[in-house]
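The chain contents come next:
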Amino acid sequence: MSVDPSKMESPRPATRLVGGIEISQVPRGDWTRDQIHELFDLPFNDLLFAAQWIHRQVFDPNAVQVSTLLSIKTGACPEDCAYCPQSIRYSTGVDSEDLMSVESVRNAARKARDAGATRFCLGAAYRGPKDRHVEQIGQMIRAVRELGLETCATLGLLTENQAEALADSGLDYYNHNLDTSESFYSNIITTRNFSDRLETLEHVRSAGLKVCCGGILGMGETRNDRVDLLCSLATLPAQPESVPINQLVPVPGTPLENAPPVDGIEFARTIAVARILMPLSHVRLSAGREEFSDELQALCFAAGANSIFYGEKLLTTGNPDTEADRDLFDRLGLKPEEPRAPASN
Ligand code: SAM
Ligand code: DTB
Ligand code: SF4
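Just so we're clear, the structure is a prediction, and the values are computed from it rather than from any experiment.

Peer 1: Please clarify how the overall build of the protein chain should be interpreted in this entry.
Peer 2: Scanning the protein chain for helices and strands turns up 11 helices and 12 strands. Whereas a compact globule of 345 residues would reach a radius of gyration of roughly 20 Å, the protein chain reaches 20 Å, a difference of no more than 12%. The dimensions of the protein chain, computed from C-alpha atoms along their principal axes, are 65 × 50 × 40 Å. Counted over contacts in the protein chain with a minimum sequence separation of 6, partners at least 24 positions apart contribute 74%. Of the roughly 15,300 Å² that the protein chain leaves accessible, carbon and sulfur atoms contribute 48%. Considering the protein chain, the positive charge centre built from 33 side chains and the negative charge centre built from 48 side chains are found 3 Å apart.

Right, dumping it as structure tokens:
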């Protein structure tokens, strides 16, 4: 007897009820704030179990994506982001440096690849780049790709044409964070607003780039703001492929120099909720890892974080030594994740 394929049922994705909320590995764009609050309020073990359950359906639970950052243009930024050591408005002791040469970027990328990174992220202290910068950065992207690395750039606000030019040069990811909730945004930054950021994200998406978009915890925001931030990320027209969750690095001289760190359990809860809301995304344990104990990092990996910044420096501040990270990976039985598709050129 022949079977009509149109009558065959496709396997339904597994779902699970946690605290009355249905979760599954299929991304949803209709999360409500109330539902996200309920996830945050779950008993910790239930939340962690739910996040692991989702994580294991989508990812190898023992593989972690490894990116290295390079500041290609440092300091003297006109914006007033209260967390940032690179704003020209604060005395933080960061020396300004012009846009690097393509050759120096190539050398740094080669080093990062040889140390084990698979993605190389170029960061620039711009409100937004000028077109001539985009042209030079395009050459850097080509050079990094030639080394077989995935590429990411974070250059601030982009026009539609600039996003397209970056895509044409072979850029894989663009990082542009929402940073915090829309209502807390003006407490942190006054020189642009939340919707400016959303507009750039639209340009990045329409240019066909993958999106890396997350935020910072520990800037004096409330649980409510963290819920709003995750809700904004999860309900973007398409969920970001990569979601960096930074813990504020409080830099002396910035307005947030004395901000107290977020409680580690709250940080791990935020990672777990991000994992559940954005099941297909890589959730990156980003800035602030230097202050985390190995045990808190392990908890975050168990909660569904599966990406890190690797290398002794972030942009201007420190990050754990590569040896310490390799040792941590060994002790946890973690391995670097292979890029899904090899970079082609
Ligand atoms: N200038 C561009 C922009 O703002 O989009 C790109 C570089 S900026 C340094 C990239 C991101 O780094 C910011 O959006 C913020 O999330 C993060 N960041 C900057 N300073 C930080 C700090 N002290 N602690 C944690 N994250 C920080
Ligand atoms: C992200 O979310 N975190 C990275 C990257 N994207 C560009 C930057 C962290 C910067 C920390 C402060 C510094 O080193 O200057
Ligand atoms: Fe400039 Fe970016 Fe720092 Fe804001 S976060 S001051 S835009 S470098």
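Peer 1: I keep staring at helix α2 (residues 44-58) and nothing clicks. Help me out?
Peer 2: Two residues of an α-helix separated by three or four positions point the same way, owing to the 3.6 residues in each turn. Compared with the 21 Å implied by 1.5 Å per residue over 15 residues, the 22 Å span of α2 between its first and last C-alpha is a close match. Considered for burial, the residues of α2 that qualify are Phe 44, Leu 47, Leu 48, Ala 50, Ala 51, Gln 52, Trp 53, Ile 54 and His 55. For α2, the secondary structure elements touched by its buried residues are β1 (15-18), β2 (21-24), α1 (33-41), α9 (264-277) and α10 (294-302).

Peer 1: Just to check I follow, could you spell out the pairing of strand β3 (residues 63-73) for this structure?
Peer 2: Within a regular strand, side chains alternate between the sheet's two faces. Here β3 lies mainly inside the structure; 11 of its 11 residues are buried. Bridge count for β3 against strand β12 (residues 335-336) is 2 bridges, and the pairing is parallel. Opposite Ala 63, over in β12, you have Lys 335 as the bridge partner. Relative to strand β11 (residues 307-309), β3 runs parallel, the two sharing 3 bridges.

Peer 1: Is there a simple way to explain the nonpolar core in this structure?
Peer 2: Most often, soluble globular proteins have nonpolar side chains that are buried together. Formed by 99 residues in total, the largest nonpolar core has its most connected members in Ile 72, Tyr 83 and Ile 137. It is α9 that contributes the most residues to this core, 8 residues altogether. Beyond its immediate stretch of four places on either side in the chain, Ile 72 contacts Asp 98, Leu 99, Met 100, Val 105, Leu 122, Gly 123, Ala 124, Ile 137, Met 140 and Leu 155. Cys 152, Tyr 173, Ala 287 and Phe 309 belong to the second largest nonpolar core, which has 7 residues in total.

Peer 1: Is there a simple way to explain the environment of Pro 260 in this structure?
Peer 2: Of note, Pro 260 is situated in the loop between β9 (242-247) and α9. Judged by its relative accessible area of 61%, Pro 260 falls in the exposed class. Along the primary structure Pro 260 and Leu 149 are separated by 111 residues, whereas in three dimensions their C-alpha atoms are 36 Å apart.

Peer 1: Sorry, what's going on with the site of ligand 2 here?
Peer 2: Taken together, Leu 69, Pro 85, Thr 154, Asn 175, Asn 177, Pro 244, Asn 246, Phe 309, Leu 314, Leu 315, Thr 316 and Thr 317 make up the full set of residues adjacent to ligand 2. Contacts to ligand 2 include Asn 175, whose side-chain N or O atom sits 3.3 Å from a nitrogen atom. With respect to ligand 2, the side chain of Asn 177 contributes an N or O atom lying 2.8 Å from an oxygen atom. Contact with the protein chains removes 88% of the 410 Å² of surface that ligand 2 exposes when unbound.

Peer 1: Looking at this structure, I do not really get α9. What am I missing?
Peer 2: Its 14 residues give α9 an end-to-end C-alpha distance of 20 Å, which sits within 8% of 20 Å, the value for a rise of 1.5 Å per residue. Every buried residue of α9 is listed here: Glu 266, Phe 267, Ala 268, Arg 269, Thr 270, Ile 271, Ala 272, Val 273, Ala 274, Arg 275, Ile 276 and Leu 277.

Peer 1: How do you make sense of the site of ligand 1 when you look at a structure like this?
Peer 2: Ligand 1 sits among 15 residues. The nearest are Tyr 83, Asn 177, Asp 179, Arg 197 and Val 249. One of the backbone N or O atoms of Tyr 126 is found 3.1 Å from a nitrogen atom in ligand 1. Within the complex, the protein chains bury 90% of what would otherwise be the 550 Å² of accessible surface of ligand 1. Here the residues of the shell around ligand 1 are counted per class, giving 8 nonpolar, 5 polar and 2 charged.

Peer 1: Just checking my understanding: could you explain the packing of α10 against helix α11 (residues 322-332) for this structure?
Peer 2: Pairs of packed helices are described in terms of their axes, by the angle between the two and the distance that separates them. For the pair α10 and α11, interaxial distance at closest approach is 11 Å and the crossing angle is 60°. Here α10 is positioned oblique relative to α11, judged by the angle of their axes. Between α10 and α11 lies a crossing of right-handed hand. Together, Asp 294, Gln 297, Ala 298 and Phe 301 of α10 and Leu 328, Arg 331 and Leu 332 of α11 make up the contact between the two elements. Looking at side-chain class alone, the contact of α10 with α11 contains 4 nonpolar, 1 polar and 2 charged residues.

Calculation notes
Residues numbered from 1 in each chain as written. Chains lettered and ligands numbered in written order. Predicted model: local features only at pLDDT ≥ 70, side-chain atom pairs only at ≥ 80, totals over all residues. Heavy atoms only, no water. Helix = DSSP H or I, 4+ residues; strand = E, 2+ residues; numbered from the N terminus. Rg over C-alpha atoms; globule rule 2.2 N^0.38 Å. Contact = heavy atoms within 4.5 Å. Areas by Shrake-Rupley, 256 points an atom, 1.4 Å probe, with all protein chains shown as cover. Lys, Arg positive; Asp, Glu negative; His and termini not counted. Charge placed at Lys NZ, Arg CZ, Asp CG, Glu CD. Expected span 1.5 Å × (residues − 1). Buried < 20%, exposed > 50% of the residue type's maximum accessible area, 1.4 Å probe, protein only. Pairing = 2+ DSSP bridges. Core = buried A, V, L, I, M, F, W, Y, C linked by side-chain atoms within 4.5 Å. Near = heavy atom within 4 Å. Polar contact = N/O pair within 3.5 Å; in protein donor to acceptor, adjacent residues only side chain to side chain. Nonpolar A, V, L, I, M, F, W, Y, C, P; charged D, E, K, R; others polar. Axes fitted to C-alpha atoms, helices over the stretch in contact; angles between N-to-C directions. Parallel < 35°, antiparallel > 145°, perpendicular 65-115°, else oblique. Left-handed = near helix turned anticlockwise from the far one by under 90°.

Treat this as a map of the structure, not an account of what it does.
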